[in-house]
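# What the coordinates show
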Amino acid sequence: MSSKGSEAKKRQIKWRSDFDKSVVIENFDRRGWQEAEDDKDWHIYWATVGTIRTMFQPRGGIRLEDDQIVNHFPNFHELTRKDLMVKNLKKHKREVEKSKAPGQGYELDFVPQTFMLPGEYPLFVEEFQRCPSTTWIVKPASRSQGKGIFLLSRINQLRKITLNNFSLTKTQPTLSLRENYVISKYIGNPLLIGEKKFDLRLYTLVTNYKPLQAWMFKKAFCRFCSENYSNETAEFDNMFVHLTNVAIQKNSFKYNERHGGKWPLSNLRFYVESVAGTETAQRLFSDINNIVVQSLKAVQPVMVNDPHCFELYGYDILVDSDYKPWLVEINASPSLTTTTKRDKRLKLTLLDDVFNIVMQIKRAGKDPSDLIRTGGFFLLHEDQAAVSINTGFKSRSPFKAFGRSL
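Definitions and cut-offs
- Residues numbered from 1 in each chain as written.
- Predicted model: local features only at pLDDT ≥ 70, side-chain atom pairs only at ≥ 80, totals over all residues.
- Heavy atoms only, no water.
- 1 Å grid on protein atoms, 1.4 Å probe; cavity = no way out; pocket = protein on both sides within 12 Å on 5 of 7 lines; lining within 4 Å.
- Points joined across faces, edges and corners; volume = space filled by probe spheres on them.
- Helix = DSSP H or I, 4+ residues; strand = E, 2+ residues; numbered from the N terminus.
- Pairing = 2+ DSSP bridges.
- Axes fitted to C-alpha atoms, helices over the stretch in contact; angles between N-to-C directions.
- Contact = heavy atoms within 4.5 Å.
- Parallel < 35°, antiparallel > 145°, perpendicular 65-115°, else oblique.
- Left-handed = near helix turned anticlockwise from the far one by under 90°.

So, about empty space enclosed by the protein. With the rule as written, the count across this model stands at 1 cavity of 30 Å³ or more. Taken as a whole, the largest cavity holds about 450 Å³ of empty space. Taken together, 34 residues line the largest cavity, and the ones lying closest to its centre are I137, K139, L243, V328 and E329. No other element matches strand β15 (residues 325–331), which puts 4 residues into the lining of the largest cavity.

The 4 strands lie next to each other as β5-β8-β6-β7, forming an open sheet whose pairing is antiparallel. Two strands in the sheet have a free side with no partner beyond their single neighbour: β5 (114–117) and β7 (150–152). Pairwise comparison of adjacent strand axes, ignoring direction, gives a mean angle of 25° for this sheet. Relative to β7, strand β6 (residues 136–140) runs antiparallel, the two sharing 3 bridges. The residue bridging I137 from the neighbouring strand is L151, located in β7. Contacts from helix α5 (residues 82–99) reach β5, β6 and β8 (181–185), with the element oriented near 130° to β5. Across the face of the sheet, helix α6 (residues 121–130) comes into contact with β5, β6, β7 and β8 while running at roughly 140° to β5.

So, about the packing of helix α2 (residues 22–30) against helix α11 (residues 341–363). Contact pair α2 / α11: the axes reach a minimum separation of 9 Å and the direction vectors enclose 50°. For the element pair α2 / α11, the angle class is oblique. The handedness of the crossing between α2 and α11 comes out as right-handed. Residues S22, V23, V24, E26, N27, F28 and R30 of α2 form the contact with α11, whose own contacting residues are K344, K347, L348, L351, D352 and F355.

Here it is in structure tokens:
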């Protein structure tokens with residue numbers, strides 16, 4: 001083999017993946033990257049969170065080479081496990097409110113009142129008895145795709161998640177659970193379109209935590225329930241009414257396979273402008289921007305900022321009837337399953353742009369401001385050079401309120 005051929009082979013990017021999702025493999029193939037034959041000889045690894053835990057465990061983990069990058073930070077769960085997310089956001093809110101001057105500071109009221117179970121069970125009981133007519137939503141702290149979630153209007157409904165059959169009363173000091181849960185006030189007045197509840201799925205790429213570098217993908221979308229919304233108690237067990245997860249909705253006989261219950265975010269932008277005005281739409285998207293940035297700042301002090309790592313988060317945001325956005329949860333492994341042709345195009349583009357940015361920053365050592373190709377992403381926030389929010393735009397671009405003209 002010629003010396004040029006040997007050099008080209010040496011420079012060949014080798015990949016590994018724990019997923020067989022077509023959008024991942026197709027992206028690697030389109031780039032001409034080679035699948036690694038050796039489990040140690042690779043340059044980029046699209047790994048499961050389980051692999052990451054093993055890779056970075058204190059004992060028995062592996063030492064990554066300078067030219068290897070992976071798609072999760074070592075303690076990714078600080079933001080994506082529901083109870084840890086709430087804990088970190090509460091702490092961040094206390095610290096910001098303690099340090100800010102009167103009349104200044106960020107808006108941090110974007111998570112519904114939430115208690116962590118079992119630890120905060122006595123506090124929850126106290127709040128429940130203070131407002132007995134409130135509806136709550138109970139979620140396992142570490143599960144996804146809507147698994148194990150239910151609505152609660154009576155405190156004895158917690159019996160279904162306890163280990164022992166005992167009466168759950170105000171005198172019960174502790175709660176013995178099969179796993180950790182969070183319980184939040186249910187947003188009972190969601191913004192409805194076509195009488196259906198929906199949420200937003202946003203993609204945020206973090207290439208560094210210290211300093212923070214966060215990128216927002218422009219082509220977000222809405223996920224709709226397949227059945228009309230109702231807050232009647234009789235419908236509490238009907239998850240086709242209350243949960244937007246595609247994993248749940250696709251089992252409804254009303255699920256539309258043609259569009260998959262998804263709607264481009266640009267359509268929502270136009271809808272809000274038409275029914276509530278440009279100013280309301282502008283404020284809504286600015287508030288969403290704030291949610292993403294503040295949630296990342298909440299975990300910034302505790303994140304292990306390994307230079308080999310990046311993270312693609314899937315943010316789930318609910319908008320209420322007053323056009324206020326609420327953070328529902330953040331996913332470390334947002335679904336790459338495709339349900340429609342449009343969905344596949346979006347996710348192929350998403351990952352292609354992720355790899356463009358990551359390879360320029362992590363392998364070529366470029367500064368975010370010097371990147372040539374960012375595709376559908378724009379720099380949402382960089383410490384000491386934060387993207388300012390444009391409040392005077394007239395564009396019909398859905399993400400103009402995030403601070404960049406598209």
